[in-house]
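# Observations on the model geometry
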Amino acid sequence: MSSLLNIVKQSFGLGAVAVSGGVHPPDHKHESTTQAVGQLPLPHQLTLPLRQHVGNLPKVLVKVGDYVLKGQLLAEAEGNISAAIHAPSSGTITSIEDALIPHPSGLPDRCITIALDGKDEWIAHAPIDWRKLETEQDKSKLLEGLRSSGIVGLGGAAFPTQVKLRTNAKSSVDTLVLNAAECEPYITCDDMLMRERADQILKGLEIAQHLLGAKQCLIGIEDNKPEAAEAMRHACANSPLSKLVPLKVVVVPTQYPSGDARQLIRLLTGIEVPADKRSTDVGLQCFNVATVLALHRYFDFGEPSISRIVTITGNVQKPANYEVLFGTSVADLVQAGGGALADTDGYIMGGPMMGFNLPSVSVPITKASNCVIASAPNLFPSAPPAMPCIRCARCADVCPVSLQPQELYWFAKSSNLEKARDYNLFDCIECGCCTYACPSNIPLVQYYRFAKSEIIAQDRAKEAADLARERNEFRLMRIDREKQERAEKHAQKAAGAKAEAAKTEATSATEAPEDEAMAAKKAAIAAAIERAKAQKAAAAPQNVVDAIPSVQAEIAEIDARREAAKQSVTDAIATNDAQEEK
Ligand code: SF4
Ligand code: SF4
């Protein structure tokens, strides 16, 4: 990537440049628009990076060895800004590990690999009734479902679409802009999509308009795509949307970077979206044509985002466009394009202005991959060495966001980063127009990217330091506060104890007479009980017989008489016996 733009410039020649606020390089689009969009054969395996969108990585729901069906959720969106990943075909998960991905860093990242079984068997799926939108809850439900569709901006930004469809009182959308500009040279996937599937795009646009409640829709197409513009006009005339809101195809001059959302909005409406605001802050929302078509596939068929159209062009036998399952290797796409010519020296993902060199042809196609260009010395000659800046101001003339690129270059080069920030470095959209226009071949965008990354790194380090300092201050405050609270508690406790003692003393003093009276009463009761006991003891006889002497005498007399009677009977019997013997 180091000098891709300079290389591009060598191939186009400086004579082609110069329109104010943008450039007009030869578009090289006709090579890949001579045949219809093809279907790539089912590959043997698909490698799906988890990082295919702006935002958080999704949470993996499968494990190695799992059998998955086409359209099955493999990883769910995590957090507000994230996107789900689905299986683009049926097969078995063979690995979940780091692998090379298409990224300017050239570094590997987490990927899910599926060995396909060739059956291409769908999971159960059904249309979703998007027309039912009576309450805010209905809309939230639809957008929550959309969150699991995996749809992101397919124009290259890869921002989760459901986030862009959320509106509130502060960000209501008046105008919906459909971005069909496709301004970068070589890329033709949107052009072909419009030529062949304009009616489906309109169905998706109708859904987006319905969800946003937009009052008008504008479709912006560059004038180098007359077939696409005609197809879209025809589809608009037949679309129910044209009966609901004003709907218009607007052809804009071919001028890079008119496909940048803010540039296109300015071209179509004259509204300049301030750099520190979103387009929804001024009542506008912008979607790419392929993105709204994905909305149509999701709502009208229940299909999640599993494929896209990709241009294969440059130094290949048969430049064309193909519908490609995500995870398909670039090598398979190059093969479909008839294979690379012998002098191919690398591959660019995206366009030559904003794209990047691929680290390997084995990397997969992702949601952000709109184009692969096989490069060769005759297409992109080596850049000549950079020369000193001659202060010609051509870079400023072509900057679409009215920056001073030469000043930014000086500040970035001298590491005067704060000054670069003051000169609105972060408004730079990295379109590369300044590099393209610079007669001294200075790789300006590289300086801006470096400066931005340095500032971001410094800001993060500062944030981390501030956070650590705040935490420490908070910790010290907490320790102080706890100490103070403990001291207050002790003081309160001591004061409470003192007050209690004083109260007890006071209470004892007032309660004493009562105690004495009670004690006297108790003593009187006890004495009475004792007296009663004594009386009872005195009154109670120890033995009835002992207690009554007269009765005792009587008993003794009775006993004597009984003994006398007994003796007389004994004597009588003895007398009788004696007489009988006689
Ligand atoms: S300064 Fe940034 S926005 Fe301006 S032309 Fe250069 S790359 Fe584009
Ligand atoms: S950076 Fe390049 S284009 Fe800009 S003023 Fe210097 S020489 Fe001219």
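Residues numbered from 1 in each chain as written. Chains lettered and ligands numbered in written order. Predicted model: local features only at pLDDT ≥ 70, side-chain atom pairs only at ≥ 80, totals over all residues. Heavy atoms only, no water.

### Focus: the overall build of the chain
Under the convention used in this document: In this description a helix means any DSSP run of H or I spanning at least four residues, a strand means any run of E spanning at least two, and both kinds are numbered starting from the N terminus. Three labels apply to residues, based on accessible area from a 1.4 Å probe with only protein chains included: buried if under 20% of the type maximum, exposed if over 50%, partly exposed otherwise in between. By definition, residues are in contact when any of their heavy atoms lie within 4.5 Å. Note on areas: Shrake-Rupley, 1.4 Å probe, and residue coverage restricted to the protein chains presented here.
The helix and strand inventory of the chain stands at 16 helices and 19 strands. Put simply, the chain has 582 residues, and 42% of those count as buried. Taking contacts inside the chain between residues at least 6 apart in sequence as the whole, the part at least 24 apart equals 73%. Surface exposure of the chain reaches about 29,800 Å², of which carbon and sulfur atoms provide 54%.

### Here we look at the nonpolar core
Selection rule: The term nonpolar core refers to a set of buried residues drawn from Ala, Val, Leu, Ile, Met, Phe, Trp, Tyr and Cys, joined through side-chain atoms within 4.5 Å.
Counting residues in hydrophobic clusters, the biggest one holds 58 residues, and the most contacted among them are L165, I201, L205, I219, M232 and F299. Mapped onto this core, the elements with two or more residues apiece are α2 (136-147), β11 (175-180), α4 (189-212), β12 (216-222), α5 (226-238), β13 (247-252), α8 (289-301) and β19 (371-375). Among the elements that take part in this core, α4 stands out by supplying twelve residues, more than any other. Residues contacting I219, with those up to four places away along its chain left out, are L178, A180, L205, M232, C236, L247, K248, V249 and V250. One finds C389, L403, Y409 and L425 within the second-largest nonpolar core, a separate group that totals 20 residues.

### Concerning the pattern of salt bridges
The line we're drawing: For this document, the term salt bridge refers to a Lys or Arg side-chain nitrogen within 4 Å of an Asp or Glu carboxyl oxygen.
Summed over all chains, the structure comprises 25 salt bridges. For the salt bridge of R197 with E323, the shortest nitrogen-to-oxygen distance reads 2.9 Å. Of this pair, R197 sits in helix α4 while E323 sits in strand β16 (residues 320-325), and the two are 126 residues apart along the sequence. Its relative accessible area of 14% is what places E323 among the buried residues. Among the charged side chains, a salt-bridge network with shared partners connects K462, D466, R469 and E473.

### Structural notes on the environment of K29
Keep this limit in mind: By the criterion applied in these results, polar contacts are pairs of N or O atoms within 3.5 Å in which, for protein atoms, one can donate a hydrogen and the other can accept it, and in which residues neighboring in sequence qualify only through two side-chain atoms.
Along the chain, K29 falls in the loop between β2 (22-23) and β3 (38-39). In this structure K29 comes out as buried when scored by relative accessible area, which is 5%. Separated by 157 residues in the primary sequence, K29 and Y186 place their C-alpha atoms 4.8 Å from one another. Ignoring sequence-local partners within four residues, the contact set of K29 consists of E182, C183, E184, Y186, I187, T188, N224 and K225. Here E184 takes part through its backbone oxygen, which lies 2.8 Å from a polar atom of the side chain of K29.

### Examining the sheet that holds strand β15 (residues 307-314)
Going by this rule: Think of it this way: DSSP has to see at least two bridges between two strands before they count as a pair. For every element, the axis is a line fit to its C-alpha atoms; helices are fit only across the contacting stretch, and the angle between N-to-C directions ranges from 0 to 180 degrees.
As summarised here, the arrangement of the six strands in space is β3-β16-β15-β19-β17-β18, forming an open sheet in which the pairing is mixed. At either margin of the open sheet sits one strand with a lone partner, and together these are β3 and β18 (356-357). Alignment of strand β17 (residues 346-349) against β18, held across two bridges, turns out to be antiparallel. Residue pairing for β18: I348 is matched across the bridge by N357. Packed onto the sheet, α4 meets β15 and β16 and runs at close to 125° relative to β15.

### Observations regarding the side chain of T344
Assignment of secondary structure puts T344 in the loop between α9 (330-336) and β17. Among all residues touching T344, those that are not within four sequence positions of it are N315, A374, S375 and A376.

### Details of the site of ligand 2
Note the following rule: Being near a molecule or strand, for a residue, means having at least one of its heavy atoms within 4 Å of it. In this count, Pro and Cys sit with the nonpolar residues alongside Ala, Val, Leu, Ile, Met, Phe, Trp and Tyr, while Asp, Glu, Lys and Arg are called charged and the others, Gly among them, polar.
C389, I390, R391, C392, A393, C395, Q406, C438, P439, S440 and L444 make up every residue found near ligand 2. For the shell around ligand 2, a count of residues per class yields eight nonpolar, two polar and one charged.

### Some details on the packing of α4 against α5
We count it as follows: What sets the label is the angle itself: under 35 degrees gives roughly parallel, over 145 gives roughly antiparallel, 65 to 115 gives roughly perpendicular, and the rest give oblique.
Two elements in contact, α4 and α5, have axes separated by 8 Å at closest approach and are oriented at 10°. As the angle between them shows, α4 and α5 are arranged roughly parallel. In contact with D191, M194, R195, A198, D199, I201 and L202 of α4, α5 contributes E227, A228, A231, M232, A235 and C236. Considered class by class, the residues forming the contact of α4 with α5 number nine nonpolar, no polar and four charged.

### Comments concerning the sheet that holds strand β6 (residues 67-68)
Taken in spatial order, the four strands line up as β4-β10-β9-β6 in an open sheet, and their pairing is antiparallel. This sheet does not close on itself; its edge strands, each paired only once, are β4 (45-49) and β6. Pairing analysis gives five bridges linking β4 to strand β10 (residues 108-116), with the strands arranged antiparallel. Counted as the bridge partner of Q45 is A115 from β10.

### Considerations on the site of ligand 1
As a structural note, the neighbourhood of ligand 1 is formed by 13 residues, with C399, C428, C431, G432 and C434 the closest of them. Elements with a contribution of two residues or more to the shell around ligand 1: α13 (433-437) and α14 (444-539). Taken together, the residues of the shell around ligand 1 sort by class into eleven nonpolar, one polar and one charged.

### Section: the side chain of N370
Within the secondary structure, N370 is located in the loop between β18 and β19. The contact partners of N370, leaving out residues within four places of it in the chain, are G155, I187, C189, R308, I309, V310, T311 and G350.

### Regarding unusual backbone geometry
The residue after Y256, namely P257, is reached through a cis peptide bond having omega 0°. Tracing the backbone through its elements, the reader meets P257 in the loop between β13 and α7 (261-269). Despite not being glycine, R391 has its phi angle at roughly 55°, a positive value. Along the chain, R391 falls in the loop between β19 and α10 (394-398). We classify R391 as partly exposed; its relative accessible area is 47%. For A393, which is not glycine, the phi dihedral falls at a positive 70°. Within the element layout of this structure, A393 appears in the loop between β19 and α10.

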